[in-house]
Amino acid sequence: MPDALALARDSHDLALRQLMELAAIPSVGTDPVHRQDMLRAAHWLADEMGTVGLQQVDILPTGGNPVVYGEWLGAGEDAATVLLYAHYDVQPARREDGWSSEPFEPQLRDGRLFGRGVADDKSHCVVLLRAVAALLASEEGCPVNVRFLLEGEEESGSPNLLPFLRENRERLQADAAIIADGGFEDPDEPLIVTALRGIVALELGVSGPVTDLHSGIHGGIVHNPAQAIAEIVARLHHPDGRIAVPGFYDDVRQLSTRERELLAEGDMSDEDWQDLVGAPRDWGEPGYSRVERTGARPTLEINGIYGGYSGEGFKTVIPARAHAKISCRLVANQRPQRVYDLVCDFIRTIAPPTVTPEFRLLGLGDPVEIDIDSPFVMALQRAYTLHWPGPAGFRRTGGSVPIIAMFSEVPGIPSVTLGFSTSDSGIHGPNENYRVDMLNKGIDTTVRFLQEIARGYQAGN
């Protein structure tokens, strides 16, 4: 009987066919029109779990789209249990958005598969399934117990995942969780994410007169809400780039010398800045490098301002209200609710008396830090050497993955991210794509990762 790695490599062609089949299902989780497509995708995954040989498979209801759950506990009580997470919902996509082909008719071109969801995150659903299938069918067998949790609402902020985790705490017990979502900046240089920023998302509304007014008749006697909101958001930062909200930095954990040295190895060069950003020059909190500002320091961003008339032609109006979308990325020790309260309190103090500020909380997520010396991180480092001879780099990413914080808080298990998309995969945009060689390497690496987790777990016990 072949070993697991040989079986994994034999399944590469099957994995590509399955990814094309799964990606052809338009499982747009945010659109009720695609409710039946979400169920189709869930059943596709559940059927494949059964084919793989999991002992129990369920499609579990939530307040929204279902969770697909499966488990195999045949490694025994003395073996590690690993929770495998990915999501099967995708972003909306239409041909007219700029796609070269129909987004839900996957096409293979020049070693890449093009289609909505192929990189984010259906490829990782397939990677996990094929890796476990290879281990279960191999001579040596699967050395760890596995529990699958495939979610259908990640693209809408996972609104029902936390209640699901609380209700199924016992069922989801594990020694570690693998969050299969994300990838590499460079396909030749694997990265291990050791920190993700938390998030606060809110909407600021500023209201003035009871209705829109004629700017000729009332201009000069009414404080225009569009102007007032611009004045407010302009005061949220000091001129040098520091956030002006009192207390905003109070709970921020300072980086150690070792952490700054590790980050410096992956700092963005001036050439990378021009290629990836292209702005005249960088901007932000003084005293920190670009990589530190994006991965280890908190931010406050204005994501949009709107109000009044913005259509074709011209309309001489003073709008009755204006709005701004604001998000804060948070780092270790910052608590999202406290930051939300600080921002709202500060805006209340600086808002002119001529308008009324109103706030709507849109989302919260805790920051996450992963111990770079944990046995699971070390197991991933060893697994990467299967296809990448150099050591994996460590990266504190500026993005937010609330799922990791949820897993840490509710089931109480450490997590590590694992992903094989690349920075040019076009995630969430037109012509999203996934490199076929990374799909293959991802399956092989996941097999080795689970084997290395087992070895480390046995050595630790």
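My aim in this report is to walk through the structure given alongside it, one point at a time. Keep in mind it's a predicted model, so treat the numbers as computed, not measured.

## Some details on the sheet that holds strand 9 (residues 191-196)
So, point 1. Sheet architecture is open: three strands sit in the order 16-9-17, paired in mixed fashion. The open sheet has two free edges, formed respectively by strand 16 (368-369) and strand 17 (393-397), since each of these has just one partner strand.
So, point 2. Pairing analysis gives five bridges linking strand 9 to strand 17, with the strands arranged parallel. Residue pairing in the sheet places alanine 195 in a bridge with arginine 396 of strand 17.
So, point 3. Sheet strands in contact with helix 12 (residues 375-384) are strand 9 and strand 17, and its direction is about 155° off that of strand 9.

## Focus on the nonpolar core
So, point 1. Ranked by internal contacts, the top residues of the largest apolar core, which has 94 residues, are Phe148, Leu149, Phe407 and Ile453.
So, point 2. Ranked by size, the runner-up nonpolar core spans 29 residues in total, among them Leu202, Leu300, Tyr340 and Ile347.

## Quick notes on a nonpolar patch on the surface
So, point 1. A cluster of nonpolar side chains, contributed by Met268, Leu276 and Val277, occupies part of the molecular surface with about 280 Å² of accessible area.
So, point 2. Structurally, leucine 276 is set in helix 9 (residues 270-276).

## Looking at the pattern of salt bridges
Pairing is possible between side chains of opposite charge, provided their charged atoms come close.
So, point 1. Tallied over the entire structure, the rule returns 31 salt bridges.
So, point 2. With its nearest N and O atoms 2.5 Å apart, the salt bridge here joins glutamate 185 to arginine 395. Separated by 210 residues along the polypeptide, glutamate 185 in the loop between strand 8 (183-184) and strand 9 and arginine 395 in strand 17 bring together distant segments of the chain.
So, point 3. Residue glutamate 185 is classed as partly exposed on the basis of its relative accessible area, which comes to 46%.
So, point 4. Residue classification places arginine 395 among the buried positions, given a relative accessible area of 13%.
So, point 5. The partner of aspartate 345 in a salt bridge is arginine 348, with the nearest N and O atoms 2.9 Å apart. Of this pair, aspartate 345 and arginine 348 both sit in helix 11 (residues 336-350), three residues apart, which is roughly one turn of that helix.
So, point 6. Residue aspartate 345 is classed as partly exposed on the basis of its relative accessible area, which comes to 42%.
So, point 7. A relative accessible area of 47% places arginine 348 in the partly exposed class.
So, point 8. Each of Arg253, Glu259, Glu369 and Arg396 takes part in a single network of salt bridges with overlapping partners.

## Some points on the packing of aromatic side chains
By convention here, two paired aromatic rings are described through the distance between centres and the angle between planes.
So, point 1. Under the definition given, this model contains seven aromatic pairs.
So, point 2. With centroids separated by 5.8 Å and ring planes inclined at 80°, the aromatic side chains of tyrosine 85 and phenylalanine 407 adopt a geometry described as edge-to-face. You can see tyrosine 85 sitting in strand 3 (residues 81-87) and its partner phenylalanine 407 sitting in helix 13 (residues 402-409), a full 322 residues away along the chain. Each member of the pair, tyrosine 85 as well as phenylalanine 407, is classed as buried.
So, point 3. Ring pairs connect the aromatic residues Phe184, Tyr384, Trp388 and Phe420, which therefore count as one cluster.
So, point 4. In this arrangement the basic side chain of arginine 109 is found over the ring face of phenylalanine 114, its NZ or CZ atom lying 4.0 Å from the centre.
So, point 5. The aromatic ring of tyrosine 69 is capped on one face by arginine 171, whose charged end is 5.0 Å from the ring centroid.

## Considerations on helix 2 (residues 12-23)
The α-helix advances 3.6 residues per turn, and as a result positions three or four apart in sequence lie on the same side.
So, point 1. Under the 1.5 Å per step criterion, the end-to-end length of helix 2 is 16 Å for twelve residues, consistent within 8% with the ideal 16 Å.
So, point 2. Taken residue by residue, helix 2 has His12, Ala15, Leu16, Gln18, Leu19, Leu22 and Ala23 as its buried positions. Relative to the axis of helix 2, the buried residues are bounded by an arc of 165° and lie together on one face. Opposite the buried face of helix 2, at more than 90 degrees from it, the exposed residues are Asp13 and Arg17.

About the thresholds
Residues numbered from 1 in each chain as written. Predicted model: local features only at pLDDT ≥ 70, side-chain atom pairs only at ≥ 80, totals over all residues. Heavy atoms only, no water. Pairing = 2+ DSSP bridges. Helix = DSSP H or I, 4+ residues; strand = E, 2+ residues; numbered from the N terminus. Contact = heavy atoms within 4.5 Å. Axes fitted to C-alpha atoms, helices over the stretch in contact; angles between N-to-C directions. Core = buried A, V, L, I, M, F, W, Y, C linked by side-chain atoms within 4.5 Å. Buried < 20%, exposed > 50% of the residue type's maximum accessible area, 1.4 Å probe, protein only. Patch = residues over 30% accessible without salt bridge, like charges linked within 9 Å, V, L, I, M, F, W, Y side chains within 5 Å. Areas by Shrake-Rupley, 256 points an atom, 1.4 Å probe, with all protein chains shown as cover. Salt bridge = Lys/Arg side-chain N within 4 Å of Asp/Glu carboxyl O. Phe/Tyr/Trp six-rings, centres within 6.5 Å; stacked < 30°, edge-to-face > 60°. Lys NZ or Arg CZ within 6 Å of the ring centre and 35° of its normal. Expected span 1.5 Å × (residues − 1). Arc of directions from axis to C-beta.

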